[in-house]
Amino acid sequence: QVQLVESGGGLVQAGGSLRLSCAASGSRVSIRVMGWYRQAPGKQREVVATITTGGGTVYADSVKGRFTISRDSAKDTVYLQMNSLKPEDTAVYYCNIYSGYDVNHWGQGTQVTVSS
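Throughout what follows, the structure given in this document is the object of discussion. None of the values given here were measured: they were computed from a predicted structure.

Examining the overall build of the protein chain
Secondary structure assignment for the protein chain yields zero helices and eleven strands. Counted from the first residue to the last, the protein chain has its helices and strands arranged as β-β-β-β-β-β-β-β-β-β-β. A compact globule built from 116 residues should have a C-alpha radius of gyration of about 13 Å, and the protein chain, at 13 Å, falls within 12% of that. Each principal axis of the C-alpha distribution contributes one length, and for the protein chain these read about 40 × 25 × 25 Å. The proportion of buried residues among the 116 residues of the protein chain is 41%. For the protein chain, contacts bridging at least 24 residues in sequence account for 53% of all contacts bridging at least 6. In the structure as shown, the protein chain presents an accessible area of about 6300 Å², 46% of it carried by carbon and sulfur atoms. Of the charged side chains in the protein chain, 11 are positive and 8 negative; the average position of the first set lies 3 Å away from that of the second.

Regarding the packing of aromatic side chains
Going through the model one piece at a time under the given rule, you end up with one aromatic pair. Seen in terms of ring centroids, Tyr37 and Trp106 are 5.0 Å apart; in terms of plane orientation they differ by 70°. Their pairing is edge-to-face. Linking Tyr37 in strand 4 (residues 33–39) with Trp106 in strand 10 (residues 103–106), this pair joins segments that are 69 residues apart in sequence. Given the relative accessible area of 37%, Trp106 is considered partly exposed. Lying across the ring of Tyr79, Arg19 places its NZ or CZ 4.1 Å from the centre. The side chain of Arg45 reaches across the aromatic face of Tyr94, ending 3.7 Å from its centre.

Some thoughts on the nonpolar core
In terms of nonpolar packing, the biggest core is built from 29 residues, with Trp36, Val48, Phe67, Val78, Leu80, Met82 and Tyr93 touching the most fellow members. Of all the secondary-structure elements, those providing two or more residues to this core are strand 1 (2–7), strand 3 (18–26), strand 4, strand 5 (46–52), strand 7 (67–72), strand 8 (77–82), strand 9 (91–100) and strand 11 (110–115). In contact with Tyr93, not counting residues within four places along its chain, are Glu6, Leu20, Trp36, Tyr37, Arg38, Val48, Phe67, Leu80, Met82, Gly109, Thr110 and Val112.

Quick notes on the layout of surface pockets
What the largest pocket holds in volume is close to 170 Å³. Lining the largest pocket, in full, are Arg38, Ala40, Lys43, Gln44, Glu46, Ser62, Arg66, Lys86, Glu88, Asp89, Thr90 and Ala91. Class assignment of the residues belonging to the lining of the largest pocket gives a composition of two nonpolar, three polar and seven charged.

As for the sheet that holds strand 8
Strand pairing in a sheet is mediated by backbone hydrogen bonds. Such pairs are either parallel or antiparallel. With antiparallel pairing, four strands are arranged side by side in an open sheet as 1-3-8-7. The strands lining the two open edges of the sheet, one partner per strand, are strand 1 and strand 7. Neighbour to neighbour, the strand axes of the sheet diverge by 15° on average, direction disregarded.

Calculation criteria
- Residues numbered from 1 in each chain as written.
- Predicted model: local features only at pLDDT ≥ 70, side-chain atom pairs only at ≥ 80, totals over all residues.
- Heavy atoms only, no water.
- Helix = DSSP H or I, 4+ residues; strand = E, 2+ residues; numbered from the N terminus.
- Rg over C-alpha atoms; globule rule 2.2 N^0.38 Å.
- Buried < 20%, exposed > 50% of the residue type's maximum accessible area, 1.4 Å probe, protein only.
- Contact = heavy atoms within 4.5 Å.
- Areas by Shrake-Rupley, 256 points an atom, 1.4 Å probe, with all protein chains shown as cover.
- Lys, Arg positive; Asp, Glu negative; His and termini not counted.
- Charge placed at Lys NZ, Arg CZ, Asp CG, Glu CD.
- Phe/Tyr/Trp six-rings, centres within 6.5 Å; stacked < 30°, edge-to-face > 60°.
- Lys NZ or Arg CZ within 6 Å of the ring centre and 35° of its normal.
- Core = buried A, V, L, I, M, F, W, Y, C linked by side-chain atoms within 4.5 Å.
- 1 Å grid on protein atoms, 1.4 Å probe; cavity = no way out; pocket = protein on both sides within 12 Å on 5 of 7 lines; lining within 4 Å.
- Points joined across faces, edges and corners; volume = space filled by probe spheres on them.
- Nonpolar A, V, L, I, M, F, W, Y, C, P; charged D, E, K, R; others polar.
- Pairing = 2+ DSSP bridges.
- Axes fitted to C-alpha atoms, helices over the stretch in contact; angles between N-to-C directions.

In short, geometric facts, not functional conclusions.
Shown next as C-alpha cells:
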C-alpha cells in the first residue's frame, strides 16, 4: 500500500513563503505525474501544479510566477515552493500521484493559512 506523507504547511503572513513536501512510501508505486491540489472551505478541490516524469510542469493561472513545483525522482518526493502568498491561497493542500489507468494516490492534506 502506498502512503503519501505531506509536510510544510502552516500559518504565514501575506507575502511570505512556505515549502511543501510530499514523500511516497510503502509499496513501490508507478509514477507518471505528481502534483499538488488544494481545497478551500466551501470550494471544490482544484489543481495547483503538476509535474511529469519528464519534468514537464503545469500551473494554475492563479499561482503562475509565485509557485514552483519540483521533484526528486530518486526519493519519490515532490515539492511545492510557494512565494508571495496571498490570503486567497489559504486551503488544505493535497499531494497526488497519478499512476496511470485512472489510478490516483492522495495524501491526507496539509493546512496552509495566509493571514492578511
